[in-house]
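# Analysis of the macromolecular model
Below are the chains, spelled out letter by letter.
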Amino acid sequence: MGKKVFVIDLAICNGCYCCQFMCKDEHAGNDWTPVAKPQPEIGQFWVKLDEQVRGTVPKVKMCYKPHMCNHCDNAPCMKSCKVKKAIYKRDDGLVIIDPTKCTGCRNCVDACPYDAIYFNEDLNISQKCTGCAHLMDNGWTEPRCADACPTLALKLMDEDDAKKLIEGADVWIPELKNKTKPRVYYLNMPKKFIAGAVYDPAADEVIIGAECVLSGPGGKKYNAVTDAYGDFWFEGLPNGKYSLEIKHKGKVKKLNNLDTTKADLNVGDIAM
């Protein structure tokens, strides 16, 4: 059995929530011992679709990111568990919490840096995504979340087949990649944007065709031209500080210290 990886393409995830719904449908009220006891109907989302609102009105974009156990090769939850084989890694790479051996100490809940492990008060056990291992052991080639994804944004793949695809891919917490060695990879993780609009206050009209030059870290320059709505967008920007120069019919406007370190930027309506 080859090792598996989850590959999630955020460029085609449309926020339909099918992954989250199907996980609940498969596990809530269903006992898949020894892989998993029933997931509670409320309070736990072994696959949770996180919504990220980027920018501010009217320059707004949405990003949807399925969030689940990362099935780490160097899993902190496994190291934190004091009960032998209560948390184990399968040959296919999936990390399982054995519900028959878990003693409810909650060490794994506290140890998981991805907030992907839940505690079931009624059953006194920790629970999380199993990769639908019970289905994989019975002929399925993918878990319910991937099977239900209408855009094929979420896939469970053989690691060898996905090798080229995940080169340069992002992970949930990048600074932990080499430490925990997660097996969930994100394609097309959005980078930052700077956007705004240019207008002529005297004419009370937007300005079409204004030349916009953004200067960023390392002196790199990005070019854009305002569209039919007077808007400009600079997308795919790395974190850092930028300066913006706008030119139109001999007029020049400059904006400095545009910092994308923490958030995408809507610089608003700029009068020329």
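Everything that follows concerns the structure shown earlier in this document.
Quick caveat, the model's predicted, so the values are computed rather than measured.

Parameters and conventions
- Residues numbered from 1 in each chain as written.
- Predicted model: local features only at pLDDT ≥ 70, side-chain atom pairs only at ≥ 80, totals over all residues.
- Heavy atoms only, no water.
- Helix = DSSP H or I, 4+ residues; strand = E, 2+ residues; numbered from the N terminus.
- Rg over C-alpha atoms; globule rule 2.2 N^0.38 Å.
- Buried < 20%, exposed > 50% of the residue type's maximum accessible area, 1.4 Å probe, protein only.
- Contact = heavy atoms within 4.5 Å.
- Areas by Shrake-Rupley, 256 points an atom, 1.4 Å probe, with all protein chains shown as cover.
- Lys, Arg positive; Asp, Glu negative; His and termini not counted.
- Charge placed at Lys NZ, Arg CZ, Asp CG, Glu CD.
- Pairing = 2+ DSSP bridges.
- Axes fitted to C-alpha atoms, helices over the stretch in contact; angles between N-to-C directions.

This next bit is on the overall build of the protein. When you go through the protein residue by residue, the secondary structure sums to seven helices and 17 strands. Computed over its C-alpha atoms, the radius of gyration of the protein comes to 23 Å, more than 25% above the 19 Å expected for a compact globule of 272 residues. Principal-axis analysis of the C-alpha atoms gives the protein an extent of 75 × 35 × 35 Å. Taking all 272 residues of the protein together, 47% fall into the buried category. Sequence-distant contacts in the protein: of pairs separated by 6 or more residues, those separated by 24 or more amount to 59%. Total accessible area on the protein stands at roughly 14,200 Å², and carbon and sulfur atoms take up 49% of it. Within the protein, one finds 37 positive and 36 negative side-chain charges whose respective centroids are separated by 7 Å.

The strand order across the open sheet formed by four strands is β13-β12-β15-β16, and the pairing between neighbours is antiparallel. With partners counted over all chains shown, the strands left at the sheet margins are β13 (221-225) and β16 (251-259), one partner each. Shown here is a sheet whose adjacent strand axes are inclined to one another by a mean of 15°, direction ignored. Here strand β15 (residues 241-248) pairs with β16 via seven bridges, running antiparallel. In the sheet register, Lys-247 faces β16, and the bridge partner there is Val-252.

Following the sequence through the fold, Asn-124 ends up in the loop between β6 (118-120) and β7 (125-127). The spacing of Asn-124 and Gly-55 is 69 residues in sequence and 41 Å in space, taken between C-alpha atoms. Ignoring any residue separated from it by four or fewer positions in sequence, one finds Asn-124 in contact with Thr-103, Gly-104 and Phe-119.

Geometry only, nothing functional implied.
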